[in-house]
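Report on the structure
Next come the chains, spelled out residue by residue.
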Amino acid sequence: MSAQTHPLLERAAAHGVSLDMQGAVAVVQLRRPVKRNALSDSLIEALRDVFQNLPEAARAAVIHGEGDHFCAGLDLSELKERDAGEGVLHSRSWHVALDAVQYGRVPVVAALHGAVVGGGLELASSCHIRVADESTFYALPEGTRGIFVGGGGSVRIPKLIGVARMTDMMLTGRVYNAADGERLGFAQYLVGPGEALAKAIELATRIATNAPLTNYALMHALPRIAEQPADHGFLTEALMSSIAQAAPEAKARVRAFLEGKAAKVQKAA
Ligand code: 1HE
């Protein structure tokens, strides 16, 4: 079903970001394959608009890229002389868009393939789960282009792979392949060629069945708790868990388990 009914979603589609609902999963696609899904200013605005205006029915989302690559990062053809103030505002516009992905209404699963570089890696890092196929490679060419990350990468990427590895990537132009990327923490899932989108939709479909408050807590509370000093974190955790368990849906789910009507946890394969 096409979900381009909201005027901002229609505009986003015209600027290279489409949205289709598959059940409760909003499937978002970067559609600029000729330029390897390079993120122009209008594409960044479109991403922001899509994630700020997801259809009410969406309970989870997937983002993927058309063509041979997930995303080639910042559209370098738009990198013009900016004074410091304009540069700050440009970077902040990326922060708003990628915050809409990370701190929106629903968890987002990224389906990665081909180049996940520069701003493309910043975008992938703003998602909650990353699934990569074997063609995926990760790089931060900003270092060799004489610039710096500006889309939240210096905040989000070290949380995935650590400051030392990010520093190495930017200083030396080091490129990680899909297997190393999964081992280091860029992606939580590694799948065969061309299988990332199907796996991401499978995961998102499952995520969509969680209690919305649990998903909300994982997206909005967990990353903040992890940043807090331990004594603050313990209190925030206690508040969040008491709010979550007080919800009628939590009580119903726990009751279903106790009555033998809900699935047990299965041993890992
Ligand atoms: C682009 C871009 C782009 C491709 N901006 N136009 N990002 C980078 O430094 C990565 C630059 N791109 C690449 O290294 C390669 O294009 C890829 C490895 C991603 C793909 O290679 P390939 O051989 O499949 O494609 P291609 O032939 O290099 O590119 C096809 C076209 O897309 C070509 O244009 P054409 O008019 O000659 O056909 C390329 O110029 C164009 N293209 N990537 C603009 N990035 C918030 S700060 C974030 C800072 C950054 O992200 S810096 C890192 C930028």
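Structure shown above.
First things first, this report covers the structure right here in the doc. Since this is a predicted model, take the numbers as computed values, not measurements.

With respect to the packing of helix H10 (residues 212–227) against helix H11 (residues 230–246)
H11 packs onto H10 with a crossing angle of 175° between their chain directions and a minimal axis gap of 11 Å. The angle between the axes of H10 and H11 places the two elements in the roughly antiparallel class. Residue-level contacts link Leu213, Ala217, Ala221 and Ile225 of H10 to Gly233, Thr236, Glu237, Met240, Ile243 and Ala244 of H11. Looking at side-chain class alone, the contact of H10 with H11 contains seven nonpolar, two polar and one charged residues.

Looking at the nonpolar core
If you look at the biggest cluster of nonpolar residues, it comprises 48 residues, and the most contacted ones within it are Leu47, Phe51, Ile63 and Tyr138. Residue contributions to this core peak at six residues, all from helix H2 (residues 41–52). In terms of nonpolar packing, the next biggest core, distinct from the first, is built from 16 residues, Val27, Val131, Val191 and Leu203 among them.

What to know about the site of the ligand
Near the ligand you find 22 residues, and of these Lys35, Ala72, Leu74, Gly119 and Arg145 are the closest. Here a nitrogen atom of the ligand sits 2.8 Å away from a polar atom, N or O, in the main chain of Ala72. In the complex, 66% of the free accessible area of the ligand, which totals 1000 Å², lies under the protein chains. When the residues that make up the shell around the ligand are grouped by side-chain class, the tally is ten nonpolar, six polar and six charged.

Comments concerning the side chain of Ser18
Inspection of the secondary structure assignment puts Ser18 in strand S1 (residues 17–22). A distance of 3.3 Å separates a polar atom in the side chain of Ser18 from a polar atom in the side chain of Arg31.

Quick look at the pattern of salt bridges
Taken as a whole and assessed by the stated rule, the structure comprises eleven salt bridges. The closest approach of N and O atoms between Arg32 and Asp75, which form a salt bridge, is 2.8 Å. Pair noted here: Arg32 is in the loop between strand S2 (25–30) and H2 and Asp75 is in the loop between strand S3 (60–65) and helix H3 (84–102), with a separation of 43 residues, a long-range link. The partner of Arg156 in a salt bridge is Asp99, and the shortest N-O contact between them spans 2.8 Å. Of this pair, Arg156 sits in helix H6 (residues 153–161) while Asp99 sits in helix H3; the two residues are 57 residues apart in sequence, bridging distant segments of the chain. One network of salt bridges, in which partners are shared, links Arg11, Arg48 and Asp49.

Looking at the packing of H2 against H3
Where H2 meets H3, the closest approach of the two axes is 8 Å, and the angle between their N-to-C directions is 30°. In this view, H2 runs roughly parallel relative to H3, as classed from their interaxial angle. In this structure, the crossing between H2 and H3 has a hand that is left-handed. Seen from H2, the contacting residues are Asp41, Ile44, Arg48, Phe51 and Gln52; seen from H3, they are His90, Ser93, Trp94, Val96, Ala97, Ala100 and Val101. When its residues are assigned to classes, the contact of H2 with H3 shows seven nonpolar, three polar and two charged.

A few points about the packing of aromatic side chains
In the structure shown here, the tally under the stated rule is two aromatic pairs. Arranged with centres 4.5 Å apart and planes meeting at 15°, the rings of Tyr138 and Phe186 form a pair that is stacked. Note that Tyr138 is positioned in strand S7 (residues 137–139) and Phe186 in the loop between helix H8 (178–184) and strand S9 (189–191), a separation of 48 residues in sequence. Neither residue differs from the other here; Tyr138 and Phe186 are each classed as buried. An aromatic cluster of three or more residues is present, and its members are Tyr138, Tyr176 and Phe186. Over the aromatic face of Tyr103 sits the side chain of Arg224, whose NZ or CZ is 4.2 Å from the ring centroid.

Rules behind the numbers
- Residues numbered from 1 in each chain as written.
- Predicted model: local features only at pLDDT ≥ 70, side-chain atom pairs only at ≥ 80, totals over all residues.
- Heavy atoms only, no water.
- Axes fitted to C-alpha atoms, helices over the stretch in contact; angles between N-to-C directions.
- Helix = DSSP H or I, 4+ residues; strand = E, 2+ residues; numbered from the N terminus.
- Parallel < 35°, antiparallel > 145°, perpendicular 65-115°, else oblique.
- Contact = heavy atoms within 4.5 Å.
- Nonpolar A, V, L, I, M, F, W, Y, C, P; charged D, E, K, R; others polar.
- Core = buried A, V, L, I, M, F, W, Y, C linked by side-chain atoms within 4.5 Å.
- Buried < 20%, exposed > 50% of the residue type's maximum accessible area, 1.4 Å probe, protein only.
- Near = heavy atom within 4 Å.
- Polar contact = N/O pair within 3.5 Å; in protein donor to acceptor, adjacent residues only side chain to side chain.
- Areas by Shrake-Rupley, 256 points an atom, 1.4 Å probe, with all protein chains shown as cover.
- Salt bridge = Lys/Arg side-chain N within 4 Å of Asp/Glu carboxyl O.
- Left-handed = near helix turned anticlockwise from the far one by under 90°.
- Phe/Tyr/Trp six-rings, centres within 6.5 Å; stacked < 30°, edge-to-face > 60°.
- Lys NZ or Arg CZ within 6 Å of the ring centre and 35° of its normal.

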